[in-house]
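Structure at a glance
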Amino acid sequence: MDISVIIPVYNEEDNIQLLFDRLTKVISSITNSYELIFVNDGSKDRSLTLVDELSQRHNQVKYIDFSRNFGHQIAVTAGLDYSIGKAVVIIDADLQDPPELIIDMYSKLNEGYDVVYAKRKSRKGESIFKRTTAKVFYRILSKITSVDIPVDTGDFRIISRNIVDLLKQMPEQNKYLRGQISWLGFNQTYLEYERQERNAGETGYPF
Ligand code: UDP
Ligand code: MG
């Protein structure tokens, strides 16, 4: 398996089809050996039904269905545990992370990097409140940790199997994946992109 894509899903019924279409177009231009792992994190809308239908029609689509809402980081972690690809992409379901960037992220990885994360040049559709609290959070975080955790990034990234296997060995119960990945070291780099607004639906992180 060349590529696994992990997609945490919480109430994303209006994004799943478009995400699937764009992801499939992008990934199948790279390889036919891939899997799309949706992790339904206790959605209350039709997300699960849609993902289940996709999985019946397409062999590449797999999913994990949580018994309730556990939160984004736990959803991604479950996806990592089940993934088998040599390279693993983590991407949001709402199309704020453009699937098309995966092409360049994958080439960069193959230049010999272990992690290629996506850095936001702009943050469209985010309130001043969110941008300010994010800024303060990262400022405090960099003061209290000795690890450089890149600012203006989310979990949108591609990581090598080596990194996935090491993450699986880390015992943290409260996951902060982007921090843990920075902590691991190895060769990490980034690509910049314009962060779009959500395609549809609402943030799972309201006030
Ligand atoms: N998400 C999740 N569980 C949650 C909240 C969010 O799996 O409890 C998913 C969500 O469906 C999306 C990603 O995590 O794919 C990022 O969430 P969101 O877009 O709501 O966060 P924001 O972009 O507003 O920071
Ligand atoms: Mg979002």
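See the structure shown above.
Residues numbered from 1 in each chain as written. Chains lettered and ligands numbered in written order. Predicted model: local features only at pLDDT ≥ 70, side-chain atom pairs only at ≥ 80, totals over all residues. Heavy atoms only, no water.

So, about the overall build of the protein. Regarding its fold elements, the protein presents seven helices and seven strands. Listed N to C, the secondary structure of the protein is β-α-β-α-β-α-β-α-β-α-β-α-α-β in terms of helices and strands. Computed over the C-alpha atoms, the radius of gyration of the protein is 16 Å, within 12% of the 17 Å expected from 2.2 N^0.38 for a compact globule of 207 residues. If you line up the protein on its principal axes, its C-alpha atoms span 50 × 40 × 35 Å. Counting all 207 residues of the protein, 50% fall into the buried class. Long-range contacts, defined here as pairs at least 24 residues apart, represent 80% of the contacts in the protein between residues at least 6 apart. Positive and negative side-chain charges in the protein, numbering 26 and 29 respectively, have mean positions lying 5 Å apart. (Helix = DSSP H or I, 4+ residues; strand = E, 2+ residues; numbered from the N terminus. Rg over C-alpha atoms; globule rule 2.2 N^0.38 Å. Buried < 20%, exposed > 50% of the residue type's maximum accessible area, 1.4 Å probe, protein only. Contact = heavy atoms within 4.5 Å. Lys, Arg positive; Asp, Glu negative; His and termini not counted. Charge placed at Lys NZ, Arg CZ, Asp CG, Glu CD.)

Structurally, Arg-161 can be placed in helix α6 (residues 161-169). Separated by twelve residues in sequence, Arg-161 and Gln-173 have C-alpha atoms that sit 21 Å apart. Once you skip the residues sitting within four places of it in the chain, Arg-161 turns out to touch Ser-83, Ile-84, Gly-85, Lys-86, Val-88 and Lys-168.

This brings us to the packing of aromatic side chains. One pass over the full model with this rule turns up five aromatic pairs. Between the aromatic rings of Phe-137 and Tyr-138, the centroid separation amounts to 5.2 Å while the plane-to-plane angle is 80°, which identifies the pairing as edge-to-face. Overall, the relative accessible area of 40% leaves Phe-137 in the partly exposed class. Here the aromatic cluster, defined as three or more aromatic residues joined through ring pairs, consists of Phe-137, Tyr-138 and Tyr-176. Above the ring of Phe-70, the side-chain terminus of Arg-68 is found at 3.8 Å from the ring centroid. (Phe/Tyr/Trp six-rings, centres within 6.5 Å; stacked < 30°, edge-to-face > 60°. Lys NZ or Arg CZ within 6 Å of the ring centre and 35° of its normal.)

Side chains of nonpolar character tend, in soluble globular proteins, to be buried together. The biggest cluster of nonpolar side chains holds 33 residues, and the ones touching the most others in it are Ile-7 and Phe-38. With six residues, the top contributor of residues to this core is helix α1 (residues 16-28). Not counting residues within four places of it along the chain, the set of residues in contact with Ile-7 comprises Leu-19, Leu-23, Leu-36, Ile-37, Phe-38, Val-39, Ile-91, Asp-92 and Ala-93. Formed by 21 residues, the second largest nonpolar core is a distinct cluster that contains Val-76, Ala-78, Tyr-117 and Leu-177. (Core = buried A, V, L, I, M, F, W, Y, C linked by side-chain atoms within 4.5 Å.)

Time to look at the coordination of the magnesium ion (ligand 2). Taken together, the protein ligands of the magnesium ion (ligand 2) are Asp-94 (OD) and Gln-96 (OE1), with distances of 2.0 to 2.1 Å. You'll find Asp-94 and Gln-96 in the same group, each marked buried. (Donors = N, O, S within 2.8 Å, 3.2 Å for Na, K, Ca; no water.)

We now examine the pairing of strand β6 (residues 153-160). Within β6, eight of the eight residues are buried, which leaves the element mostly enclosed by the surrounding structure. As paired strands, strand β4 (residues 87-90) and β6 are joined by four bridges and run antiparallel to one another. Among the inter-strand pairings, Ile-90 is bridged to a residue of β6, identified as Arg-157. (Pairing = 2+ DSSP bridges.)

These results come straight from atomic positions and should not be treated as a statement about function.
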